[in-house]
Amino acid sequence: MDTDLILRILPAFIQAAWTTVEISLVSLVIGLSVASLLTAARMSRLAPLRVLGTVYVSLFRGTPALIQIFLLYFGGPQIGLQLEPFAAGAIALGLNIGAYMAESMRGGILSVDRGQTEAARSLGFSRAQSMRWIVLPQAARLMIRPLGVNAVALVKGTALVATISVVELTYTAQRFIGSTYKPFEIFAVTAVLYMIMVYGLTLLIGLLDRAYAEEV
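First, a word on what this report is: a plain description of the structure on this page.

Rules behind the numbers
- Residues numbered from 1 in each chain as written.
- Predicted model: local features only at pLDDT ≥ 70, side-chain atom pairs only at ≥ 80, totals over all residues.
- Heavy atoms only, no water.
- Helix = DSSP H or I, 4+ residues; strand = E, 2+ residues; numbered from the N terminus.
- Areas by Shrake-Rupley, 256 points an atom, 1.4 Å probe, with all protein chains shown as cover.
- Lys, Arg positive; Asp, Glu negative; His and termini not counted.
- Charge placed at Lys NZ, Arg CZ, Asp CG, Glu CD.
- Contact = heavy atoms within 4.5 Å.
- Buried < 20%, exposed > 50% of the residue type's maximum accessible area, 1.4 Å probe, protein only.
- Salt bridge = Lys/Arg side-chain N within 4 Å of Asp/Glu carboxyl O.
- Axes fitted to C-alpha atoms, helices over the stretch in contact; angles between N-to-C directions.
- Parallel < 35°, antiparallel > 145°, perpendicular 65-115°, else oblique.
- Left-handed = near helix turned anticlockwise from the far one by under 90°.
- Nonpolar A, V, L, I, M, F, W, Y, C, P; charged D, E, K, R; others polar.

1. Some thoughts on the overall build of the protein chain
Point 1. Helices and strands together make up the secondary structure of the protein chain, namely eight helices and zero strands.
Point 2. What you see in the protein chain, going N to C, is helices and strands ordered as α-α-α-α-α-α-α-α.
Point 3. Projecting the C-alpha coordinates of the protein chain onto the three principal axes gives extents of approximately 70 × 45 × 20 Å.
Point 4. Looking at the protein chain as shown, the accessible area adds up to about 12200 Å², and 68% of this sits on carbon and sulfur atoms.
Point 5. Of the side chains in the protein chain, 16 bear a positive and 12 a negative charge, and the two mean positions are spaced by 12 Å.

Encoded structure:
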């Protein structure tokens, strides 16, 4: 193994890893926002909203994230939507992961015993109040782990934005392989940095889970 090469390229890879973190955070915020809206739509009493939410989830879970990135970045200009690679990648990944997170949120809510809602309604709570004060606090505990799994998948999925020239870890690895012809060392560094990010995120999810369990 060429350790001199690894030490020489490490600063560039750390900078690329930071870009990966940034695009992950932006996509995560978008995903959580989309998931919240989809969950509300799919649990609404209004049939059109339920249908719209179901179609969205089916569409984004049923097609590859890479195709969604290409549609937004390369197809966007045809409908007047011109986005920079970073923005296109973050939005596409956020819209994609939002469909998966919506299912995690919905599953957490449905896991709460219906008797909790019925008891709240019998005490005079409205449907919205029952959801806000009774169901969601209990469902949130059940959502942490599934949403954490989605977040980990999102971090690893950021490698896809290399295809539209976002200078993150995978793109940087491809660029250095072309100039050094040392794929083992390059991909070894890339893998280690991805593992560090995923391990850090997994620890954070575990801390949140335990902290919420202690509060409850």
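2. Here's the deal with the environment of Ile 30
Point 1. With respect to the helices, strands and loops of the structure, Ile 30 is situated in helix H1 (residues 3–42).
Point 2. Excluding anything up to four places from it in sequence, Ile 30 contacts Ala 90, Ile 91, Gly 94 and Leu 95.

3. Observations concerning the side chain of Ser 24
Point 1. Following the sequence through the fold, Ser 24 ends up in helix H1.
Point 2. We classify Ser 24 as buried; its relative accessible area is 9%.
Point 3. Contact partners of Ser 24, with chain neighbours within four places excluded, come to Leu 154, Val 155 and Thr 158.

4. Digging into the pattern of salt bridges
Point 1. Per the counting criterion, the structure on display carries five salt bridges.
Point 2. The partner of Arg 42 in a salt bridge is Glu 103, with the nearest N and O atoms 2.2 Å apart. Residue Arg 42 is found in helix H1, and its partner Glu 103 is found in helix H4 (residues 85–111); the two are separated by 61 residues along the sequence.
Point 3. For Arg 42, a relative accessible area of 17% gives the class buried.
Point 4. Residue Glu 103 is classed as partly exposed on the basis of its relative accessible area of 24%.
Point 5. Between Arg 61 and Glu 103 there is a salt bridge whose closest N-O contact spans 3.7 Å. Taken together, the residues Arg 61 in helix H2 (residues 47–62) and Glu 103 in helix H4 connect sequence positions 42 residues apart.
Point 6. Each of Arg 42, Arg 61 and Glu 103 takes part in a single network of salt bridges with overlapping partners.

5. A short note on unusual backbone geometry
Point 1. Despite not being glycine, Ser 165 has its phi angle at roughly 70°, a positive value.
Point 2. Locating Ser 165 in the fold gives a position in the loop between helix H6 (127–157) and helix H7 (169–180).
Point 3. With a relative accessible area of 42%, Ser 165 lands in the partly exposed category.
Point 4. With a phi angle near 55°, Tyr 181 is a residue other than glycine that sits in the positive phi range.

6. What to know about the packing of helix H3 (residues 65–73) against H4
Point 1. Contact geometry for H3 and H4: axes closest at 9 Å, N-to-C directions at 135°. Viewed along their axes, H3 and H4 adopt a mutual orientation that is oblique. Seen from above, H3 lies across H4 with right-handed handedness. Every residue of H4 that contacts H3 at Ala 65, Gln 68, Ile 69, Leu 72 and Tyr 73 is listed here: Pro 85, Ala 88, Ile 91, Ala 92, Leu 93 and Asn 96.
Point 2. Tallied by class, the residues present in the contact of H3 with H4 amount to nine nonpolar, two polar and no charged.

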